[in-house]
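Close look at the chain arrangement
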Amino acid sequence: MASDAWLGVFSASVRPLAARGELRRYRKGTLLIQEGDQGDTLYLIASGRLRAFSAADNGKEITYGTYGPGEYLGEMSLDGGPRSASVETLEASECVVVTQRTLLAHIADHPEFALELLAKVIRRARAATLSARQLALNDVYGRLRVLLEELAGPPDAQGVRVIGERLTHQQMSQHLGCSREMVSRVMKDLERGGFVDTRDKALCLLKALPSRW
């Protein structure tokens, strides 16, 4: 059972499910899910950060998203199909592991949770569709602009928006489906143009990014 201390990170609807699972600790860089494998477990994140991604045989990777405490991953394979993506820990993490049998028992007791699970699947399917659309219709700069604006916080009194999540150019390229060198070139151009800067080790958007570059 998960301890009460960790249950607080989950929403009221997820907390009863987390209480049925097993809390496990993982080191940074642990591969929790391998794309293509059969799986029947759900991972509820109690602490740390996880990354969902796919990797090609040539080593090229694309990141679908990063997830933190209170979120969960693994629901896409609960139909008995293969895992649609790999998942690894970006830092030391703790997850509550819930088996398919436990999840079904929980849904039997709380049938309304099935609607929440369905809504989660729909939101992620929509996100995947948007990602595919951006890859097909936007150039690298267009995709980078969307990523930066999604990650940036609200503007301060000077209109500066801080990106709280620290991403390397390599990590950005994995989100965008392009090379690290391309990201570095575009970021350097934005820095020269006075659009971005690094302050206190955080990337900042100094003003609105242009729609085209």
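Report follows, based on the coordinates. Given the structure is predicted, the values throughout are model-derived calculations rather than measurements.

Looking at the sheet that holds strand 11 (residues 202–205)
One open sheet accounts for three strands, arranged 9-11-10; its pairing is antiparallel. Whereas interior strands pair on both sides, the edge strands pair on one side only; in this sheet they are strand 9 (161–163) and strand 10 (196–199). The mean angle between the axes of side-by-side strands here comes to 35°, regardless of whether they run parallel or antiparallel. Sheet topology places strand 10 next to strand 11; four bridges connect them, and they run antiparallel. For T198, the partnering residue across the bridge sits in strand 11 and is L203.

Quick notes on helix 3 (residues 100–109)
Along helix 3, the residues that are buried comprise L103, H106 and I107. Angularly, the buried residues of helix 3 cover 100° about the axis, an arc narrow enough to put them on a single face. In helix 3, the exposed residues that point more than 90 degrees away from the buried face are R101, L104 and A108.

Digging into the packing of aromatic side chains
The way to describe two aromatic rings as a pair is by their centre distance and the angle between their planes. Scanning all chains against the criterion turns up zero aromatic pairs. The aromatic ring of F53 is capped on one face by R51, whose charged end is 4.1 Å from the ring centroid. Sitting over the ring of F195, K207 keeps its end group 4.6 Å from the ring centre.

Quick word on the sheet that holds strand 7 (residues 86–89)
With antiparallel pairing, the four strands of this open sheet are ordered in space as 2-7-4-5. The outermost strands of the open sheet, each flanked by one partner alone, are strand 2 (31–33) and strand 5 (61–67). Across the sheet, the axes of successive neighbouring strands diverge by a mean angle of 30°, strand direction being ignored. Relative to strand 7, strand 2 is paired through two bridges, and the arrangement is antiparallel. Of the residues in strand 7, the one forming a bridge with I33 is V87. Across the sheet, helix 6 (residues 169–176) touches strand 4 (50–55) and strand 5, and the angle it forms with strand 5 is around 100°.

So, unusual backbone geometry
Trans is the common state for peptide bonds, and a negative phi is the common state for residues other than glycine. One non-glycine residue, D200, lies in positive phi territory at about 50°. On the secondary structure map, D200 appears in the loop between strand 10 and strand 11. Overall, D200 belongs to the exposed group, its relative accessible area being 77%. Positive phi is not limited to glycine here, since K201 has a value of about 70°.

Things to note about the pattern of salt bridges
Should their charged atoms come close, side chains of opposite charge can pair. For the structure shown, the criterion picks out 12 salt bridges. For R24, the salt bridge is made with E22, and the minimal N-O distance between the two is 3.2 Å. The class of R24 is partly exposed, set by a relative accessible area of 35%. Residue E61 is joined to R51 by a salt bridge in which the shortest nitrogen-to-oxygen separation is 2.8 Å. On the criterion of sequence distance, the pair formed by E61 in strand 5 and R51 in strand 4 is long-range, its members being 10 residues apart. Residue classification places E61 among the partly exposed residues on the basis of a relative accessible area of 23%. Connected through salt bridges with shared partners, the residues R49, E91 and E165 form a single ionic network.

Conventions used here
Within each chain, residue numbers correspond to sequence positions counted from 1 in written order. Since the coordinates come from a predicted model, pLDDT governs what is reported: local features require at least 70, and pairs of side-chain atoms require 80 or more to be given and counted, while whole-chain, interface and lining totals use all residues. Here the side-chain values reflect all heavy atoms present in the structure, with hydrogen atoms and water set aside. Two strands pair under a simple rule: DSSP has to find at least two bridges between them. For helices the rule is a DSSP run of H or I covering at least 4 residues; for strands it is a run of E covering at least 2, with both sets numbered from the N terminus onward. Helix axes use the C-alpha atoms of the stretch in contact, all axes being lines fitted to C-alpha atoms, and the angles between their N-to-C directions lie in the range 0 to 180 degrees. Buried residues are those whose accessible area, probed at 1.4 Å on protein chains only, stays under 20% of the maximum for their type, while exposed residues exceed 50% and partly exposed ones sit between those limits. This arc corresponds to the set of directions leading from the helix axis out to the C-beta atoms. The aromatic pairing rule takes the rings of Phe, Tyr and Trp, using the six-membered ring of Trp, and pairs them if the centres are within 6.5 Å, calling planes under 30 degrees apart stacked, those over 60 edge-to-face and the rest tilted. Whether a charge sits over a ring comes down to the Lys NZ or Arg CZ being within 6 Å of the ring centre and within 35 degrees of the ring normal. Any pair of residues with heavy atoms lying within 4.5 Å of one another is described as a contacting pair. When a carboxyl oxygen of Asp or Glu lies within 4 Å of a side-chain nitrogen of Lys or Arg, that pair is called a salt bridge.

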